[in-house]
Number of protein chains: 2
Amino acid sequence: MAYDFWYWPTIPGRGEFVRLTLEACGIAYRDCAREDGGEALMADMASHDRGPAFAPPYLSIDGATVSQTANILLYLSERHECGTLGLKSRYWLAQLQLTIMDMVAEAHDVHHPVGVHLYYADQKAEALRRAEGFRDERIPKYLSYFKRALGSEPGNWVAGARWSYADLSLFQLVAGLTYAFPLRMASVGGRFPALMALHDRVAALPELQDYLASDRRLSFNEEGIFRHYPELDAA
Amino acid sequence: MAYDFWYWPTIPGRGEFVRLTLEACGIAYRDCAREDGGEALMADMASHDRGPAFAPPYLSIDGATVSQTANILLYLSERHECGTLGLKSRYWLAQLQLTIMDMVAEAHDVHHPVGVHLYYADQKAEALRRAEGFRDERIPKYLSYFKRALGSEPGNWVAGARWSYADLSLFQLVAGLTYAFPLRMASVGGRFPALMALHDRVAALPELQDYLASDRRLSFNEEGIFRHYPELDAA
């Protein structure tokens, strides 16, 4: 039976981290809001008396939800035994995924430092200040950590010899950062060759070729989490 | 064998969510940085060639770490079979805990909207703007969700008949919000009686009485995540 997967229909956002794992693992799903629209998403989200979700993305299962990106990936990896397995790697992958999601949240807050209830244009002055710190302090700090994480296990992947959902997520993170901050990523990327190579290895995975070439794969845009506002980027 | 637990020694912060579960479950631990200091924490954090942590809190286990608050709680609850158990509740508790941690991060960013590399005094203008949205939009939105989550299962606790780490964490969240935003919490708290009652039930748990009365329990203060800056609060 296909999962009912729900996420905002016009942006890759947090939903894309889930899609990549669903696709690479060959798990059947219905991308409900892309078929039925954003209002259907809001109606579905309000309908769960049991186990409600705070926000998309989520899977709707037997009337309850499995939500929070990192939690969905934990669920899928355990339930479908896809990618790297094993008790030892479970918590390691979860801590990496949560750190990836922390950086995703920070990348979002660069253009929304005052709050999600306001437009970017209404918080641009604050965004200019926040972007400087994100570029100069946070990008190198996070990428240095992911480099160290990747180097801490033998093999080409974060948990060893086989790719995991955290590898797929690192691909999406690097892609999003490169879209949003091309100048900064061009200037710091050379310091993280293993991370850039990981991005390229995921992009070349046979399991993902059909998906990446399909219209199921959404492009980054300025309604999403990773937005390219040239005024927020610098080398 | 006692766990080596590491967190900044002078603030409750994210570490307190872990301490509450360690204490309520009767799990032995050494609060390393409170014994050895913040420099020992930074040295330990840099020393993990395998499975490094991005930031405290973390447990140091066999040379690797288990980090990210929600992941530590998942690990402890599974490993020690403490609190609510069961496959069905595992992902439900994880998604609640991750939503709690999202609100914790937002509560922190109220006083640090531009970045952690700057002092509060250097981002006070931005903080005043962010605080308004946090008080008016985010606090009601999150508390409404937790109220709904709590009401979605029978029984007094978020996953039914027995307390879980997510209940302990909701206690700490409500306590921190009440410390940081006393005026706002006084004005909205009445709309969430079940959540306030949950806070009081956790505070009265026999398993926590020794701990809460001890000096192992750190007070909120203005170096932490939940800071009481009167200029950021309003009814």
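Since the structure is predicted, the reported quantities are computational estimates derived from the model, not experimental observations.

> Got a minute to help me understand the overall build of chain A in this structure?
When helices and strands are tallied, chain A shows 10 helices and four strands. Along the chain direction, N to C, the helices and strands of chain A fall in the order β-α-β-α-α-β-β-α-α-α-α-α-α-α. In terms of C-alpha radius of gyration, chain A reaches 18 Å, essentially the compact-globule figure of 18 Å for 235 residues. By its C-alpha atoms, chain A is 50 × 45 × 30 Å across when sized along the principal axes. Out of the 235 residues belonging to chain A, those deemed buried represent 61%. Within chain A, contacts between residues at least 6 apart in sequence are counted, and of these 72% link residues at least 24 apart. The averaged location of the 30 negative side-chain charges in chain A is 7 Å from the averaged location of its 23 positive side-chain charges.

> For this particular structure, what's the right way to read the interface of chain B and chain A?
It is common to give the size of an interface as the accessible area lost on bringing the parts into contact. Between chain B and chain A, the residue contacts involve 48 residues of the former and 49 residues of the latter. Roughly 4100 Å² of surface becomes buried between chain B and chain A when both sides are summed, with 54% attributable to carbon and sulfur atoms. Interface area lost by chain B to chain A is led by Phe54, Tyr91 and Arg129 of chain B, which between them contribute 19%. Asp109 of chain A is the partner of Arg130 of chain B in a salt bridge, and the nearest nitrogen-oxygen pair spans 4.0 Å. Inspection of the chain B/chain A interface yields 32 residue pairs in polar contact (both at pLDDT 80 or more). Mapped onto the side of chain B that touches chain A, the elements with two or more residues apiece are helix H3 (38-46), strand S4 (64-67), helix H4 (69-80), helix H5 (87-111) and helix H6 (124-151) of chain B.

> Sorry if this is basic, but what is going on with the relation of the copies chain B and chain A here?
One chain copy maps onto the other through a rotation about an axis and a shift parallel to that axis. Rotating chain B by 180° and moving it 0.0 Å along the rotation axis overlays it on chain A with an RMSD of 0.0 Å. The transformation just described matches what one would write down for a two-fold rotation axis. Scanning chain B for the C-alpha nearest the rotation axis identifies Pro113 of chain B, at a separation of 2.8 Å. A shared binding surface is used by both copies, with 100% of the interface residues of chain B retained as interface residues in chain A.

> Could you clarify how one ought to interpret the pattern of salt bridges in this entry?
Where charged atoms from two side chains of opposite charge come close, those side chains can pair. The full count for this structure, using the stated rule, is 26 salt bridges over all chains. When the shortest N-O distance is used, the salt bridge between Arg90 of chain A and Glu78 of chain B registers 2.3 Å. Here Glu78 of chain B lies in helix H4 and Arg90 of chain A lies in helix H5 (residues 87-111), a pairing that spans two chains. Since its relative accessible area comes to 22%, Glu78 of chain B is described here as partly exposed. Residue Glu23 of chain B is joined to Arg216 of chain B by a salt bridge in which the shortest nitrogen-to-oxygen separation is 2.8 Å. Separated by 193 residues along the polypeptide, Glu23 of chain B in helix H1 (residues 15-24) and Arg216 of chain B in the segment after helix H10 (209-213) bring together distant segments of the chain. What makes Arg216 of chain B partly exposed here is its relative accessible area of 35%.

> I keep staring at the sheet that holds strand S1 (residues 3-6) of chain B and nothing clicks. Help me out?
Remark on secondary structure: sheet strands pair via backbone hydrogen bonds, oriented parallel or antiparallel. Residue and element names in this part refer to chain B. An order of S2-S1-S3-S4 is seen for the four strands of this open sheet, with the pairing classed as mixed. Here the strands that pair on one side only, and so sit at the sheet edges, are strand S2 (29-31) and S4. Taking the axes of each pair of neighbouring strands and ignoring which way they run, one obtains an average angle of 30° across the sheet. Packing against the sheet, H4 makes contact with S1, strand S3 (58-61) and S4, and its axis sits at approximately 105° to S4.

> Can you help me understand the packing of aromatic side chains in this one?
Aromatic ring pairs are described here by two measures, namely the spacing of the ring centres and the angle between the planes. In total, this model carries 24 aromatic pairs over all chains according to the counting rule given. With 6.2 Å between their ring centres and 80° between their planes, Tyr3 of chain A and Tyr75 of chain A make a pair best called edge-to-face. In this pair, Tyr3 of chain A is assigned in strand S1 (residues 3-6) and Tyr75 of chain A in helix H4 (residues 69-80), connecting sequence segments 72 residues apart. Grouped by ring-pair contacts, the aromatic residues Phe54 of chain A together with Tyr142, Tyr145 and Phe146 of chain B constitute a single cluster. Above the face of the Phe54 of chain B ring, Lys141 of chain A is positioned so that its terminal group lies 5.4 Å from the ring centre.

> Explain the packing of helix H1 (residues 15-24) of chain A against helix H7 (residues 165-180) of chain A here, please?
Think of two packed helices as two axes; the pair is described by the angle between the axes and how far apart they sit. Residues and elements named next belong to chain A. Close contact between H1 and H7 brings their axes to 9 Å; oriented N to C, the two are set at 130°. It follows that H1 is oblique to H7 by the angle criterion. When you trace H1 past H7, the crossing you get is right-handed. In this structure, H1 uses Glu16, Phe17, Leu20, Thr21 and Ala24 to contact H7, whose residues at the interface are Tyr165, Leu168, Ser169, Phe171, Gln172 and Leu173. Residue composition of the contact of H1 with H7, grouped by class: seven nonpolar, three polar and one charged.

> Looking at this structure, I do not really get the UniProt feature "domain: GST N-terminal" (unreviewed entry) in chain A. What am I missing?
In the numbering used here, UniProt assigns the "domain: GST N-terminal" (unreviewed entry) feature to residues 2-84 of chain A. Taken end to end, residues 2-84 of chain A has its terminal C-alpha atoms 22 Å apart, with 43% of it in helix and 18% in strand.

> Got a minute to help me understand the packing of H1 of chain B against H4 of chain B in this structure?
Residue and element names in this part refer to chain B. Direction vectors running N to C along H1 and H4 enclose 10°, while the axes themselves pass 9 Å from each other. Put simply, H1 runs roughly parallel to H4. Across the interface between the two elements, Phe17, Val18, Thr21 and Leu22 of H1 pack against Thr69, Ile72, Leu73 and Leu76 of H4. Across the contact of H1 with H4, the residue classes tally to six nonpolar, two polar and no charged.

> Got a minute to help me understand the sheet that holds strand S4 (residues 64-67) of chain A in this structure?
Residue and element names in this part refer to chain A. Strand order in this open sheet of four strands is S2-S1-S3-S4, and the pairing throughout is mixed. In the strand order of this sheet, the two ends are held by strand S2 (29-31) and S4, each with one partner. Mean inter-strand twist for the sheet, computed between neighbouring axes without regard to direction, equals 30°. Where strand S3 (residues 58-61) and S4 come together, four bridges link them in antiparallel fashion. Bridging across to S4, Ser60 finds its partner in Thr65. Together, S1, S3 and S4 form the strand contacts of H4, whose direction differs from that of S4 by roughly 105°.

Calculation rules
Residue numbers here run from 1 along each chain, matching the order of that chain's written sequence. Key to labels: chains lettered from A, ligands numbered from 1, both in the order written. Selection of residues for local features in this predicted model requires a pLDDT of at least 70, selection of side-chain atom pairs for listing and counting requires 80 or more, and totals for whole chains, interfaces and linings are taken over all residues. Side-chain measures here rest on the full set of heavy atoms in the structure, leaving out hydrogens and waters. Helix and strand definitions here come from DSSP, where helices need a minimum of 4 consecutive H or I residues and strands a minimum of 2 consecutive E residues; each element is numbered from the N-terminal end. A radius of gyration in this sense is built from C-alpha atoms; the matching globule rule multiplies 2.2 Å by the number of residues raised to 0.38. A simple rule labels every residue: compare its accessible area, found with a 1.4 Å probe on the protein chains alone, to the largest value its type can have, and call it buried under 20%, exposed over 50%, or partly exposed in between. Residues are treated as being in contact if the distance between any of their heavy atoms lies within 4.5 Å. Positive charges come from Lys and Arg, negative ones from Asp and Glu, while His and the chain ends are left out of the count. Taken as the charge centre is NZ of Lys, CZ of Arg, CG of Asp or CD of Glu, depending on the residue. Accessible area that two parts lose when put together, with a 1.4 Å probe and added across both, is what the buried area reports. Salt bridges, as used here, are contacts in which a Lys or Arg side-chain nitrogen is within 4 Å of a carboxyl oxygen on Asp or Glu. Pairing of N or O atoms within 3.5 Å defines a polar contact, subject to two protein rules: one partner must be a possible hydrogen donor and the other a possible acceptor, and residues neighboring in sequence count only if both atoms are side-chain atoms. The superposition of copies rests on a least-squares fit of C-alpha positions from residues with pLDDT of 70 or more in both. What makes two strands pair is DSSP finding at least two bridges between them. Note on geometry: axes are lines fitted to C-alpha atoms, helical ones only across the stretch in contact, with angles between N-to-C directions running from 0 to 180 degrees. The rule is short: rings of Phe, Tyr and Trp, with Trp giving its six-membered ring, pair when the centres are within 6.5 Å, and they are stacked under 30 degrees, edge-to-face over 60, tilted in between. Placement of a charge over a ring requires the Lys NZ or Arg CZ to be within 6 Å of the ring centre, with the centre-to-atom vector within 35 degrees of the ring normal. Orientation labels follow simple angle bins: below 35 degrees gives roughly parallel, above 145 gives roughly antiparallel, 65 to 115 gives roughly perpendicular, and whatever is left gives oblique. Less than a right angle of anticlockwise turn of the near helix away from the far helix marks a crossing as left-handed, whereas a clockwise turn marks it as right-handed. Charged residues are taken to be Asp, Glu, Lys and Arg, nonpolar residues to be Ala, Val, Leu, Ile, Met, Phe, Trp, Tyr, Cys and Pro, and polar residues to be all remaining types, Gly included. UniProt positions are given in the numbering used here, feature names are shortened, and annotations may be inferred rather than shown by experiment.

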